[in-house]
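Residues per chain, in single letters:
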Amino acid sequence: MRNKSSFRFVVIFVLIAMLAVFPLSVGADHAWGNYHWARTANPFTLKVGDNVNSTWDQHLDTTISDWSQSQVLNLTKVTGGTKPRNCRPTSGRVEVCNATYGNTGWLGVAQIWITGGVHITQGIVKNNDTYFNTPTYNTSAWRNLVMCQEVGHTLGLDHQDENFNNANLGTCMDYTNNPGTNQHPNQHDYDQLVTIYSHLDSTTTIGATPAGFANADVHAIENWGEKVSDNGKTALFVRDFGKGFQIFTFVIWAE
């Protein structure tokens, strides 16, 4: 992590779609912190790298179409820039992958790289075919929900509701055991994006290639760093590179 003088702070968060049920709180404001893509005009266009196979193509297309209905952003699919197994990031865009990642306990993962504490510079979405190849999750509804939700995280959105037992809210940003009516964004998601992107920035992180920005390997749990908290349902890891550069990994465990 040398040659980092042009950046003060780097963060990666991981959000994981669970295989199990547990209660958490419901919040009306579901922005993910203050994280957003820096841009100088709205609506802006964000490239999404297609690293998925033919089984997933229709679900990625649906997700791109859904989120592009936002007033402030458009997603456009481009040729993937990584290998699905490792799913490494590409600066200035989101890479979407699928592979049999193993019995990890998660269906999907979203990762974002942050600089300056708030600006997203690159993102990754991983869909775990180890579970999607099983009868329980090998459905269009489950694939749409997870794809839509994880891409939503890379735009700066959190969940609207994290209680699996509550009635569906009609949004993919809602935890559920029955994804039938939770496959797409709802109006509250679009309204939240308008709030997140209500200001303009003086610079842009879309399509940018920041000098010295490291492609840290956080694919495996052993690369997440020190576990600083764990209550059995969620955990926080920190990987400290020194000089203000850290990677934070937020995990929701499967039971």
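Up top is the structure.
Below or above, wherever it landed, is the structure these notes cover.

Cut-offs and rules
Along each chain, residue indices are assigned from 1 in the same order as the chain's sequence is written. Given that the model is predicted, a residue must reach a pLDDT of at least 70 before its local features are reported, and side-chain atom pairs must reach 80 or more before they are shown or counted; all residues, however, enter totals for whole chains, interfaces and linings. Hydrogens and water are ignored here; the side-chain numbers use all heavy atoms of the structure. Buried Ala, Val, Leu, Ile, Met, Phe, Trp, Tyr and Cys residues that are joined via side-chain atoms within 4.5 Å together make up what is termed a nonpolar core. To sort residues, take the accessible area from a 1.4 Å probe on protein chains only and compare it with the maximum for the residue type: under 20% means buried, over 50% means exposed, and anything in between is partly exposed. Helix and strand assignments come from DSSP, with helices taken as H or I runs of at least 4 residues and strands as E runs of at least 2, each series counted from the N terminus. Throughout, a contact is declared for two residues whenever any of their heavy atoms are within 4.5 Å. A helix's residues, less one, multiplied by 1.5 Å, set its expected span. Note that the arc is computed from the directions linking the helix axis to the C-beta atoms. Under this definition, polar contacts are N or O atom pairs within 3.5 Å; protein pairs additionally need one hydrogen-donor-capable and one acceptor-capable atom, and for neighbouring residues in sequence, both atoms have to be side-chain atoms. Cysteine sulfurs are considered disulfide-paired once they come within 2.5 Å of each other.

This brings us to the nonpolar core. Within soluble globular proteins, side chains that are nonpolar tend to cluster in buried spots. By size, the foremost hydrophobic cluster in this structure holds 39 residues, and its most contacted members are Trp-67, Leu-75 and Val-96. Considering every element that reaches this core, the biggest residue donor is helix H3 (residues 140–154), with six residues. Residues contacting Leu-75, with those up to four places away along its chain left out, are Leu-46, Val-48, Ile-64, Trp-67, Ser-68, Val-151 and Leu-155. Residues Cys-87, Trp-106, Val-109 and Ile-124 belong to the second largest nonpolar core, which totals ten residues.

Next up on the list: helix H1 (residues 54–67). For H1, with 14 residues, the first-to-last C-alpha span of 21 Å sits near the 20 Å given by 1.5 Å per residue. Looking at H1, one finds that the buried residues are Trp-56, His-59, Leu-60, Thr-63, Ile-64, Asp-66 and Trp-67. In an axial view of H1, the angular spread of the buried residues amounts to 160°, which keeps them on one side of the axis. The opening residue of H1 is Asn-53, an N-cap whose side-chain oxygen sits 3.1 Å from the backbone nitrogen of Thr-55.

Here we take up the state of the cysteines. Applying the stated rule across the entire model yields two disulfides. The disulfide bridge from Cys-87 ends at Cys-97, spanning 2.1 Å between sulfur atoms. Of note, the bridge from Cys-87 to Cys-97 carries an S-S torsion of about 85° and is right-handed in sense. Highlighted residues: Cys-87 in the loop between strand E4 (73–79) and strand E5 (94–99) and Cys-97 in strand E5, separated in sequence by ten residues. With its sulfur 2.1 Å from that of its partner, Cys-148 forms a disulfide with Cys-172. Handedness here is read from the sign of the S-S torsion; for Cys-148 and Cys-172, about -45°, the answer is left-handed. With Cys-148 in helix H3 and Cys-172 in the loop between H3 and helix H4 (187–196), this residue pair connects regions lying 24 residues apart in the sequence. For Cys-148, a relative accessible area of 0% puts it in the buried group. Sequence-ordered numbering of the bonded cysteines in the chain gives a pairing of 1-2, 3-4.

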